[in-house]
Amino acid sequence: MTPGRSGSMPSLTRALYARSPPFLCRVAMMLFESTRSYIERKRTEGLTYVRSASILSAFCRRIGDVPLGCITSRQVTAFLTGPRTSTPTWRQNYSVLKNFFEFWAARGGLPALPMPPIRPPCPQTFVPYVYSRTELGLLLRATRSSQKRAACMIEARTLRALLLFLYGTGAQTGEALKLLREKVDLKNGLVTLPSGRFNRVRRIPIGRDLHEVMRRYLRSTARKKFQSSNFFVRRDGKALNVNTLRRSFQRLRRVAGIARHDGARYQPRMHDLRHTFAVHRLTAWFKQGADLNRMLPALAAYIGQAGLGSTERYLSTTPERFRKHLVKLSSQRTKRRWRDNLALMKFLAEL
């Protein structure tokens, strides 16, 4: 009988398992079986659990099939400190192992967590690029000249519509490329985006301007002559390729004359349209005096982020005249605390 497999134990055994953790200590829990059971449990909860399962499998290969209680902190450290392992990767692997051991420790499977001290996070040095409205105009006007060569696989009208879609929804590029024609409900102004990160499908409303852009694109010669199931297509009617799109965008950016001048290593990217959407939306709400308690969760849900932590970082990339105050008031705030910060709310109300 496998302790971690949901629904596979008689009720009496489940009761013993839930109420009497020491009962399990009489039988040594082996690493391979406990890992398999743990991964199974995660997937029965609806998680894809691919990356974390790969980390646990690698740990099993490194340690061997030993009792959980025999695993030492030194062994865990040796696994985590692999060649050329970056700090973010180290911390991710650490989190997966910690959750695994905590799960079995809570069920009496091992006496203590064999976890070493965690590494401190690396300072965040990368800053997304936020396009100004003037730069967005330059990009859109340059689509015709950047795509005029016959060798270009993407029509200018297609590239323009795609950029407006990314900016108007904050969608990820992969979501736009996988968007199906049947998932665009122009009658009701709704778009159903395919699953991306966290394996979530979401249905979002679109504004009138974007609605008109998408309607015109469907009626254009660049799209109307093809029966493709994809919404955005190449010149030959096939689905857009991410590498082709990335090269087309970088050429477009150079034609439009847009570049970073802040010493950053990376030039503006197409993915930065997502950041631009969020920052422009926040800026508009600041000016309107909107309630951030309502708006930040709404923004997180709209762009498909799992929690408020990721959305809060956009506060520090708002226009320069807001940035100093927002960074001071809102950085490193937890999900519960930021709502109750009276200084932050007072500042926003006075914008």
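Remember, it's a predicted structure, so these values are computed and weren't measured experimentally. (Residues numbered from 1 in each chain as written. Predicted model: local features only at pLDDT ≥ 70, side-chain atom pairs only at ≥ 80, totals over all residues. Heavy atoms only, no water.)

K.L.:
Report on the overall build of the protein chain, specifying residues and quantitative values.
P.N.:
The number of helices and strands found in the protein chain is 17 helices and three strands. Out of the 351 residues belonging to the protein chain, those deemed buried represent 44%. When contacts within the protein chain are restricted to residue pairs at least 6 apart in sequence, long-range pairs at least 24 apart make up 62% of them. Carbon together with sulfur atoms contributes 52% to the accessible area of the protein chain, which is approximately 19900 Å² in total. (Helix = DSSP H or I, 4+ residues; strand = E, 2+ residues; numbered from the N terminus. Buried < 20%, exposed > 50% of the residue type's maximum accessible area, 1.4 Å probe, protein only. Contact = heavy atoms within 4.5 Å. Areas by Shrake-Rupley, 256 points an atom, 1.4 Å probe, with all protein chains shown as cover.)

K.L.:
Tell me what's going on with the pairing of strand β3 (residues 202–205), and back it up with residues and numbers.
P.N.:
Because side chains alternate across β3, one face comprises the buried residues Arg202 and Ile204, and the other comprises Arg203 and Pro205, none of which is buried. Two elements, strand β2 (residues 190–193) and β3, share four bridges in a ladder whose sense is antiparallel. Its bridge partner being in β3, Leu193 is matched across the sheet by Arg202. (Pairing = 2+ DSSP bridges.)

K.L.:
Could you give me a rundown of helix α3 (residues 31–44), with the residues and numbers involved?
P.N.:
Think of an α-helix as turning once every 3.6 residues; residues three or four places apart then point the same way. Here α3 is 14 residues long and its end C-alpha atoms lie 20 Å apart, about the 20 Å a rise of 1.5 Å per residue gives. When α3 is considered as a whole, its buried residues turn out to be Leu31, Ser34, Thr35, Ser37, Tyr38 and Ile39. Against α4 (51–63) and α6 (87–105) lie the buried residues of α3. After α3 finishes, the residue Gly46 shows a positive phi value of roughly 100°. (Expected span 1.5 Å × (residues − 1).)

K.L.:
Quick rundown of the nonpolar core? Include the residues and the values.
P.N.:
Counting 51 residues, the largest nonpolar core has Phe165, Leu179, Val191, Met214 and Phe232 as the members making the most contacts within it. Counting residues per element, the ones that place at least two in this core are α7 (133–146), α8 (156–169), α9 (173–177), β2, α10 (208–219), α12 (242–256), α13 (272–288) and α14 (292–302). A total of seven residues in this core trace back to one element, the largest contributor, which is α8. In terms of nonpolar packing, the next biggest core, distinct from the first, is built from 26 residues, Ile39, Trp90, Phe100 and Phe103 among them. (Core = buried A, V, L, I, M, F, W, Y, C linked by side-chain atoms within 4.5 Å.)

K.L.:
Go over the environment of Arg208, please, and point to the residues and values.
P.N.:
Its location among the elements puts Arg208 in helix α10. Spatially, the C-alpha atom of Arg208 lies 8.0 Å from that of Gly189, the residues being 19 residues apart in sequence.

K.L.:
Let's hear about the sheet that holds strand β1 (residues 184–185): which residues, and what values?
P.N.:
Pairing is antiparallel in the open sheet, where three strands are placed in the order β1-β2-β3. Both outer strands of the open sheet, β1 and β3, are each paired with one neighbouring strand and no more.

K.L.:
Can you break down the packing of α7 against α12 residue by residue, with the values?
P.N.:
α12 packs onto α7 with a crossing angle of 110° between their chain directions and a minimal axis gap of 8 Å. Judged by the angle between their axes, α7 and α12 are roughly perpendicular. Contact residues: Leu138, Leu139, Ala142, Thr143, Ser145 and Ser146 in α7; Phe249, Arg251, Leu252, Arg253, Val255 and Ala256 in α12. Among the residues forming the contact of α7 with α12, the class breakdown is seven nonpolar, three polar and two charged. (Axes fitted to C-alpha atoms, helices over the stretch in contact; angles between N-to-C directions. Parallel < 35°, antiparallel > 145°, perpendicular 65-115°, else oblique. Nonpolar A, V, L, I, M, F, W, Y, C, P; charged D, E, K, R; others polar.)

K.L.:
Before we move on, can you summarise the pairing of β2 with the specific residues and values?
P.N.:
Relative to β2, β1 runs antiparallel, the two being bridged by two bridges. By the bridge assignment, Val184 is partnered in β2 with Val191. Where β1 folds back on β2, the antiparallel hairpin that results is connected by four residues, among which Gly189 adopts a positive phi of roughly 65°.

K.L.:
A description of the pattern of salt bridges should follow, citing residues and the corresponding values.
P.N.:
Enumeration according to the criterion identifies 11 salt bridges in this entry. Arg36 is the partner of Glu33 in a salt bridge, and the nearest nitrogen-oxygen pair spans 2.5 Å. Taken together, the positions of Glu33 and Arg36, both in helix α3 and three residues apart, correspond to about one turn of that helix. Owing to a relative accessible area of 33%, Glu33 belongs among the partly exposed residues under this scheme. A salt bridge links Arg203 to Asp185; the nearest nitrogen and oxygen atoms lie 3.9 Å apart. With Arg203 in strand β3 and Asp185 in strand β1, this pair connects stretches of sequence that are 18 residues apart. (Salt bridge = Lys/Arg side-chain N within 4 Å of Asp/Glu carboxyl O.)

K.L.:
Could you give an account of the packing of aromatic side chains, with specific residues and numbers?
P.N.:
By the definition in use, this model includes 13 aromatic pairs. With a centroid separation of 5.2 Å and an interplanar angle of 80°, the aromatic rings of Tyr38 and Phe100 are classed as edge-to-face. One end of the pair, Tyr38, is in helix α3; the other, Phe100, is in helix α6, with 62 residues separating them in the sequence. Ring centres of Tyr217 and Phe231 lie 5.7 Å apart, and the angle between their planes is 45°; this geometry places the pair in the tilted category. Of this pair, Tyr217 sits in helix α10 while Phe231 sits in the loop between α11 (221–224) and α12, and the two are 14 residues apart along the sequence. Grouping residues by exposure puts Tyr217 and Phe231 together as buried. An aromatic cluster is defined as three or more aromatic residues linked by ring pairs; in this entry it consists of Tyr38, Tyr49, Phe59, Phe79, Phe100, Phe101, Phe103 and Trp104. The residue whose ring lies beneath Arg107 is Phe103, and the NZ or CZ to ring-centre distance is 3.7 Å. (Phe/Tyr/Trp six-rings, centres within 6.5 Å; stacked < 30°, edge-to-face > 60°. Lys NZ or Arg CZ within 6 Å of the ring centre and 35° of its normal.)

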